[in-house]
Every structure is written in structure tokens, then in C-alpha cells.
Amino acid sequence: MKGPGLRRLVLFLVCCWGFFAADAAHIHAQQRAGRTKPVPLIMSRIGSSVLFPVYGNVYPKGFYYVPVNIGQPPKPYFLDLDTGSDLTWVQCDAPCISCTQAYHPPYRPSDNLVKCKDPLCAALHSSGPHRCEDPDQCDYEVEYADGGSSLGVLVKESVHLNLTDGNRISPQVSIGCGYDQMPGLSNHYLDGVLGLGRGKISIVSQLQSHGLVKNVVGHCLSSRGGGYLFFGDSLYDPAHVTWTPMSSEYTNHYSPGYADLFLGDRTPASRDQLVIFDSGSSYSYLKAQPYQALVSWLKKELSGRSLREAAEDQTLPLCWKGKRPFKSLLEVKKYFKSFALSFVDGWRAKTKFEFTPESYLIISLKGNVCLGVLNGTEVGVDNIIGDISMQDKMVIYDNNKQVIGWMPANCDRVPKSRSVKM
């Protein structure tokens, strides 16, 4: 079963219910402490940005998520931020045929169905046949690469968004009301998915069509956990960002096209590898040939060092142990070197995305150091730059200019150049 051009990337960790307690209490306390002032949509400026706090981490939780207030009156939902898919959906009591365990009760729709002939319904089904079995509603079914799926209908609903100028807007957007969910390997008890992809059904694309923000998605994920997500282009200086064009051929995902893999020297270890950026993947992936080249290089670099493979640690496929358990990456980064993907773009220049040790290693709960780049061929995915490699960087997907950019950033705080209420 394939969804209409929407794919989720595999996360290997399954979260535990108890992880949410502290985050949820913090979020609800923030909501009670103060509220931004709502303003009419006509007063909003496209030069402003929408801002969300981000919670979670790569390890041990295995995902990042954002709280989004939906409906009238507004109710909070925890959504998995996913640049690898377009549709935003929440679990829905319509009634719910099969809903997975989640932190909040399912969303309850009112009389707000999107018609089958609506242009957004057609956009949702752009990669396949669009048949209207019921003209009064727009049915959807999406399947993700981890085996999970959601079936439901599109509804129009208010989402309550904070702007960087301190105001709040509550536009109506089309989202999925998911009444039949199948959990995948990476089921993490969230209320739904925040689809941030390149399609017209993406929430940021809809907001631009309302004249509210530019069609730009950005995120800053902290290696210490948390971070922020934004829509619009007011939180960064483009002159300080490393940019590369999006592929004009591979348009289902945020892809800069093909890249060469460099492992510490001037000769590529692997050439012409199609790469995508995806915040829906906790870890990064390389296809079998570049993955094996990376592993061989790392093992050669570690030869004669005090690290030994820890086959007994099943946290990730490849882990190493020292003479005593490690407490942080600061203790082991000296053993590992950086590597890079070099994108062959249309600007007659090659743009490099660097993987420092901090952006491809984790310390397991057993005190071992593990490789956070996995074999994509084994799970049927492409070369992916996932969350682990985007930590402590502001990563920007500018759909208007069709470019992807990144720069080093302190993701524990929003840029001071804007007055922001989160």
C-alpha cells in the first residue's frame, strides 16, 4: 500500500509513555502563564514568522515533536514534525475505528468537511487517481516507510499560531482527521503528524496562500534536546547561510540532488548518491555501498585505539566501548574525524554538508559510543540526512527560492533579533 506521494522515514527507537510527563507539564504551564493577543488575519504581515517550541531528542526518546493548538476552543496536540511528508493530521473521533495510544484525547470534528472537488483534495491525490466516491468529503490514506498508516478525511479547522511580532493568528487550514491508524515500528504515542513537505497540502504552503507567511520552513534541533521550528524568513540572515538548490527532478522530498561522499581525503569514497533531508528520521542513512565505505573507514581510523566493538550493545547496529563507560561525546570525539557530502549543484560549485563526530555519534545508556548513520538499503530508504546530523544547525527549506540552507546555531534559544513569545 502506497500513500499519495507521502512517505515517512524509519525511526528505530520506540518511545516510552513516561517520557512525555515532564515535557507536557512544562508546555501546559507555559500556556497557562500567558497568552498572546489574537489579531485579525488582515493585520498580519507576510514579513513575520510563525514560531513553535520543539521538544524531544534523538536519543533516548528517538524523535522531536511540537505542540500545536487546534480547534475552537483551542486544544493542544503533540505532532511529529516531518519534512518528509506533506499532510498534517491528528487522531480523530469521527468516530475512531482504530486510534493508537496518544497523550491527548482524539480531535472531535464539527461540520467542517473538505469537499472532494476542493483543489487541496486534488493536490493531496496528485500522484495517483483522484476519484470522488463521496463528493461531500475528501478521503485520504497515507502509508509511511516504517509500516504505519493513517486513513481519514480532510477537514477545515482553525490552528492557533504565534508570530514573531508577539501576535497570534488563527487561520483555517485543511488537515487530516485520522480515524483509522496503524502503528509502525516507530510508534511514539503522539497525536499526529505535522507535514512540512513541498506539496500544496503542506501547512506552510496553505499559510502562504492566505498571505500570512512565506513558504519557508526552518528548524533548529538542539543536541541537548528541544529547539524550535519556524515558518517564514524573518529569523535568519540569508548572507550567513550555506545554500544549495533543491533538485528539480526529485520533488517529492527536500533533496539537493546527488552528492559525493568524502571520507577525510580529496578522493570521493562514493559518487552520485541521491540525498534527502528529513526531520522525520532520527538517524541518518547511507545506501549499502557508501555505508560500507564509511564503516570501513571508521574501523581503519580506530585501529590501534583503545576502543573495541561492543556487539552486546544493541542500541544501534555498530557500537564501541572503552575501558570504562563514557558519559558524553566530549570523551570520545578525539577518536573520530569529520566526513562530508558534497552536493553537485547547478551553481558551478560544490556545497559541502559536514558531519562532525557530534552529528553522527551517540552515547548509549550502556556508556558506549554508537554510530548514528545506518544502512539505508537494509530498510529500503535512500541516503538521508536525519535529525542527528542536523542538530545544532539552523536548517532552512525555502520553497519560494527552491533552495535548502544551513548554518551553525545555538538551538537552545531563538535568535535575539526578534521579540518572541513561545
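Remember, predicted model here, so these are calculated numbers, not experimental data.

(A) Seen up close, the state of the cysteines. Counted under the stated rule, the structure contains six disulfides. Disulfide pairing is shown between Cys96 and Cys99; the S-S distance is 1.7 Å. Taking the sign of the S-S torsion, about 115 degrees here, the bridge from Cys96 to Cys99 comes out right-handed. A residue is classified by how much of its surface remains accessible, and Cys96, at 26% relative accessible area, is partly exposed. Using a relative accessible area of 30% as the deciding quantity, one classes Cys99 as partly exposed.

(B) Summary view of the packing of aromatic side chains. Enumeration over the complete set of coordinates arrives at 21 aromatic pairs. For the ring pair Tyr65 and Phe78, a centre distance of 5.0 Å and an interplane angle of 40 degrees mean the geometry is tilted. Taken together, the positions of Tyr65 in strand β3 (residues 63-70) and Phe78 in strand β4 (residues 75-82) put the pair 13 residues apart, joining distant regions of the chain. No difference in accessibility class separates Tyr65 from Phe78, as the two residues are buried.

(C) Examining the sheet that holds strand β18 (residues 319-321) more closely. With antiparallel pairing, the four strands of this open sheet are ordered in space as β17-β18-β22-β21. Looking at strand neighbours, the two that pair on one side only are β17 (308-309) and β21 (361-363), the edges of this open sheet. Pairing between β21 and strand β22 (residues 369-371): three bridges, direction antiparallel. Within β22, the residue paired with Leu361 across the bridge is Leu371.

(D) Local environment of the pairing of strand β11 (residues 216-221). Of all the six residues making up β11, six are buried; the element is thus mostly covered by neighbouring parts of the structure. Side-chain alternation along β11 places Val216, Gly218 and Cys220 on one buried face and Val217, His219 and Leu221 on a second face that is also buried. Here β11 runs beside strand β12 (residues 227-231); their pairing, made up of five bridges, is antiparallel. By the bridge assignment, Gly218 is partnered in β12 with Phe230.

(E) Structural detail: the pairing of β3. For β3, the buried fraction is high: eight of the eight residues fall into the buried class. Going residue by residue along β3, you find Phe63, Tyr65, Pro67 and Asn69 tucked away on one face and Tyr64, Val66, Val68 and Ile70 tucked away on the opposite face as well. The pairing of strand β2 (residues 50-57) with β3 spans three bridges and is antiparallel. Looking at the pairing, Tyr55 lines up with Tyr65 of β3. Between the end of β2 and the start of β3, which pair antiparallel, lie five residues, with Gly62 showing a positive phi angle near 95 degrees. Across six bridges, β3 lies against β4 in antiparallel orientation.

What counts, and where the lines are drawn
Residues numbered from 1 in each chain as written. Predicted model: local features only at pLDDT ≥ 70, side-chain atom pairs only at ≥ 80, totals over all residues. Heavy atoms only, no water. Disulfide = S-S within 2.5 Å. Buried < 20%, exposed > 50% of the residue type's maximum accessible area, 1.4 Å probe, protein only. Phe/Tyr/Trp six-rings, centres within 6.5 Å; stacked < 30°, edge-to-face > 60°. Helix = DSSP H or I, 4+ residues; strand = E, 2+ residues; numbered from the N terminus. Pairing = 2+ DSSP bridges.

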